[in-house]
Amino acid sequence: MIHNIYRLRKVLNFIYQYLFTCLFIIFACSIIIHVPVNNIYFVELFILYTISYISRDLAPNLLVTLICHALPLAGIYLYGADLAVFIVMALIGFYLFTDTWVYMRMGRMLRPVDDMPWPAFLMSIIFFLYGYYVRDNMLRTAAYIIPVICIVIYLINVY
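This one's a predicted model, so the numbers in the text were calculated from it and none came from an experiment.

## Comments concerning the nonpolar core
Core analysis: the biggest nonpolar cluster contains 39 residues, and I25, L45, Y49, M89 and I92 have the highest contact counts within it. Those elements that place two or more of their residues in this core are α1 (2-32), α2 (39-58), α3 (62-79), α4 (83-105), α5 (118-134) and α6 (137-158). Among the elements that line this core, the one with the most residues is α1, at 14 residues. Non-local contacts of L45, meaning those with residues more than four positions away in its chain, are made with Y18, T21, C22, I25, M89 and I92.

## Regarding α6
Taking 1.5 Å per residue as the helical rise, α6 with its 22 residues ought to reach 32 Å, and the 32 Å between its terminal C-alpha atoms agrees with that figure. All buried positions along α6 are accounted for by L139, R140, A142, A143, I146, P147, C150, I153, Y154 and N157. Between the side-chain oxygen of the N-cap and the backbone nitrogen of M138 there are 3.4 Å, and the N-cap of α6 in question is D136.

## What to know about the pattern of salt bridges
Tallying each qualifying case throughout the model produces 2 salt bridges. For D57, the salt bridge is made with K10, and the minimal N-O distance between the two is 2.8 Å. Highlighted residues: D57 in helix α2 and K10 in helix α1, separated in sequence by 47 residues. Assessed through its relative accessible area of 31%, D57 is described here as partly exposed. Among the ionic pairs, R56 bridges to D99, the shortest N-O distance being 3.1 Å. Of the two residues, R56 is situated in helix α2 and D99 in helix α4; the sequence distance between them amounts to 43 residues. Of the two residues, R56 and D99, neither departs from the other in class, the shared state being buried.

## Let's talk about α5
Over its 17 residues, α5 runs 24 Å from end to end, which matches the ideal 24 Å to within 8%, given 1.5 Å per residue. Buried within α5 we find A120, F121, S124, F127 and G131. Down the axis of α5, the smallest arc covering the buried residues is 115°, so these residues share one side. What points out from α5, more than 90 degrees from its buried face, is the exposed set P119, I126, L129, Y132 and Y133. One or two positions beyond α5, positive phi appears at R135, with a value near 60°.

Rules of the game
- Residues numbered from 1 in each chain as written.
- Predicted model: local features only at pLDDT ≥ 70, side-chain atom pairs only at ≥ 80, totals over all residues.
- Heavy atoms only, no water.
- Core = buried A, V, L, I, M, F, W, Y, C linked by side-chain atoms within 4.5 Å.
- Buried < 20%, exposed > 50% of the residue type's maximum accessible area, 1.4 Å probe, protein only.
- Helix = DSSP H or I, 4+ residues; strand = E, 2+ residues; numbered from the N terminus.
- Contact = heavy atoms within 4.5 Å.
- Expected span 1.5 Å × (residues − 1).
- Polar contact = N/O pair within 3.5 Å; in protein donor to acceptor, adjacent residues only side chain to side chain.
- Salt bridge = Lys/Arg side-chain N within 4 Å of Asp/Glu carboxyl O.
- Arc of directions from axis to C-beta.

The following block contains the structure:
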């Protein structure tokens, strides 16, 4: 039973991080790099997250994990993504690698959920207000819906 709860925590952690990264992608595409948001970015991001979460449990060492994080990024680059989008994806890949490194250093255990993730929610409030200021409906809607879903995931994860 405890193993099933731990697996559920991993899945919820995956969904939680993926949703906030999607919010960051929408913000980066619409505000920072002025590229229209394409649904393929979310598919590429999902593949990157899936490979990261699989490699963090199955890879024997950090070198294999680094290769597992670099190969999807090479595929994104070869697919022909814009350079700015590739840089954003590379930054996300670097974040995932460092998160995997911390996960492996902690004995392949998830960090305890002991505090509300206030920086992420403050980020979404700022994105919402900025989307309202520049009249970007997609950013405003995403900055409203994604944190609500993440609050529900957080509450399920804690209780």
